[in-house]
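Below, each chain spelled out in residue letters.
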Amino acid sequence: MQKSISKILPDGSLSVLNHDFMRKYFTKRLRVFFQDAQSLVKIAIDDQSGHFYKKTIRYVLTIFTGDQTTKKYIRANIPSLDTTWEIDASFEASDKLYRNGFNKPPFEVYRPLAKDHALRFFLYEEHSGKTLEHFIKLRPANLKYFFEQTALWLTKLTNLGAVCGQQKKISREKQEIRWFLNNFRSYLPSYEKVFEQAFNDLWKIRLSLAPYLNRRLIHGDFQPKNILITRRPQSVCAIDFGNSWQYDSASDVGQFCAITLSLSHHHIASSLILRKMVDVFLNVYLNNLSHSDHSLRKKINFFTAWWLLQNAAFQITQIKTAQEKRHFSIFSLDLARKIMRAAKL
């Protein structure tokens, strides 16, 4: 364990997990993070990492505010060595939105606190709530309302038209395709050629759409597991901005549709329910935009198919059995083709 952790933490140290070090870190910055704080009483550290190549750490701070103690919950995201740009992307995007109306219900982002390249982390205040994916599994009576509110969150981002972070260039998109095909070469070689042809077909459509793509801040990983729903007060909060870019807003819409539809394969909900919820999401999103875009429907259909293939390329690295890798890949490819045929792409 020590060896794998040393690969992702600075200089092989365990500073961000060291109690004394982090106590000094937060003590020094306490009044910057929380203006009413007078002293740090206690700190607890919980390593919640799900991967060996990157880490998520939760800090519980007990602080004294003059007449009482209160707890503050802070998270640190530590990216892998080859994705340290996520630190700046996460901070810049969430800070931009927090300062432009996403700092209170009903549409929020978490409050960014700091970025530190020396410690290789992005620090933010934890937001309460359950993920939209959690509610999809439960299928409560107000699930439709949650999808409507999620659509309104994304509409607000699109209408804001914020510009910050890196532009996603064609060279980056081509690089991503190479990564995805390499995944098939490594994990499901019998399907490499099939998906290579599918990506090539979609790439031709992508090039034809180039004149219609806009450049504004997008979330970059907009999917049900990155949407937090809080009931009291009613709020939708988007999390995980590590993949935010300046790119076309339809990419976020298409990704949300693609990942949501893919949940049927994991038996989280039926395909019928998910299709209905995606339709609800799309109708609310399209009906609340502040500007018209005659090519928007075509772009959304394209990005939905595109993200279905991207998601398959990622999921086969996570799925354990070869049979299940094949099943999910076929499911994703068939669904992408159906969307492309229906949209006459």
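Attention here is on the structure that accompanies the text. In this text, all values refer to a predicted model and were calculated from it rather than measured experimentally.

**Some words on the packing of aromatic side chains**
(1) Moving on: All chains considered together, the criterion is met by 26 aromatic pairs.
(2) Moving on: Taking the centre distance of 5.5 Å and the plane angle of 85° together, the rings of Phe 199 and Trp 306 count as edge-to-face. Of this pair, Phe 199 sits in helix α7 (residues 192-209) while Trp 306 sits in helix α10 (residues 296-315), and the two are 107 residues apart along the sequence.
(3) Moving on: On the basis of relative accessible area, Phe 199 is assigned to the buried category, the value being 0%.
(4) Moving on: Between Phe 281 and Tyr 285, the ring centres sit 6.5 Å apart and the planes meet at 15°, which makes this aromatic pair stacked. Placement of the pair is Phe 281 and Tyr 285 together in helix α9 (residues 271-287), with a separation of four residues, close to one helical turn. For the pair Phe 281 and Tyr 285, one class covers both residues: buried.
(5) Moving on: Members of the aromatic cluster, connected to one another through ring pairs, are Phe 102, Phe 147, Trp 153, Phe 222, Phe 256, Phe 281 and Tyr 285.

**Topic: the sheet that holds strand β2 (residues 55-64)**
Paired through their backbone hydrogen bonds, the strands of a sheet run either parallel or antiparallel.
(1) Moving on: The sheet built from five strands is open, its strands ordered β1-β2-β3-β7-β6 with antiparallel pairing. Two strands bound the open sheet, and with one partner strand each, they are β1 (39-47) and β6 (111-116). On average, each strand axis in the sheet is tilted by 25° relative to the strand beside it, whichever way the strands run.
(2) Moving on: Sheet topology places β6 next to strand β7 (residues 121-125); five bridges connect them, and they run antiparallel. Paired with Arg 111 across the bridge in β7 is Glu 125.
(3) Moving on: Against the sheet, helix α2 (residues 19-33) makes contact with β1, β2, β3 (69-78), β6 and β7, and its axis sits at roughly 125° relative to β1, the strand it touches most.
(4) Moving on: Lying over the sheet, helix α3 (residues 85-98) contacts β6 and β7, oriented at roughly 150° with respect to β6.

**Side note on unusual backbone geometry**
(1) Moving on: Cis geometry is adopted by the peptide bond preceding Pro 106, which originates at Pro 105 and carries an omega value of 10°.
(2) Moving on: By the secondary structure assignment, Pro 106 is in the loop between β4 (103-104) and β5 (107-109).
(3) Moving on: Here the amide bond leading from Arg 232 into Pro 233 is cis, since omega sits at -5°, within 30 degrees of zero.
(4) Moving on: By the element assignment, Pro 233 lies in the loop between β10 (227-230) and β11 (235-238).
(5) Moving on: Phi at Arg 120 is positive, roughly 55°, even though this residue is not glycine.
(6) Moving on: Relative to the helices and strands, Arg 120 resides in the loop between β6 and β7.

**Side note on the sheet that holds β5**
(1) Moving on: Strand order in the open sheet made by the five strands is β4-β5-β11-β10-β8, with mixed pairing throughout. The sheet is open, and its two edges are formed by β4 and β8 (130-131), each paired on a single side.

**Let's talk about the pattern of salt bridges**
(1) Moving on: Summed over all chains, the structure comprises 13 salt bridges.
(2) Moving on: Between Arg 111 and Glu 125 there is a salt bridge, with the nearest N and O atoms lying 2.9 Å from each other. Placement of Arg 111 in strand β6 and of Glu 125 in strand β7 is noted, with a sequence separation of 14 residues between them.
(3) Moving on: Residue classification places Arg 111 among the partly exposed residues on the basis of a relative accessible area of 22%.
(4) Moving on: Three or more residues joined by partner-sharing salt bridges are found here, namely Arg 58, Arg 75 and Glu 126.

What counts, and at which threshold
Numbering of residues begins from 1 in every chain and follows the order in which that chain's sequence is written. Local features are withheld for residues below a pLDDT of 70 in this predicted model, meaning they are given only at 70 or higher, and side-chain atom pairs are given and counted only at 80 or more; totals for whole chains, interfaces and linings count all residues. Excluded from the side-chain calculations are hydrogens and water; all other atoms, namely the structure's heavy atoms, are used. Stacked, tilted and edge-to-face are the three classes applied to pairs of Phe, Tyr and Trp rings, where Trp contributes its six-membered ring and a pair requires centres within 6.5 Å; stacked means planes under 30 degrees apart, edge-to-face means over 60, and tilted covers the rest. The helix and strand labels rest on DSSP assignments: H or I over at least four residues marks a helix, E over at least two residues marks a strand, and numbering proceeds from the N terminus. For every residue, the accessible area obtained with a 1.4 Å probe (protein chains only) is divided by the maximum for its type, and the residue is called buried under 20%, exposed over 50%, and partly exposed between those limits. Two strands are said to pair when DSSP picks up at least two bridges between them. Here an axis means a line fitted to C-alpha atoms, over the contact stretch when the element is a helix, while the angle between two N-to-C directions is reported on a 0 to 180 degree scale. Contacts: residue pairs with any heavy atoms within 4.5 Å of one another. What counts as a salt bridge is simple: a side-chain nitrogen of Lys or Arg found within 4 Å of a carboxyl oxygen of Asp or Glu.

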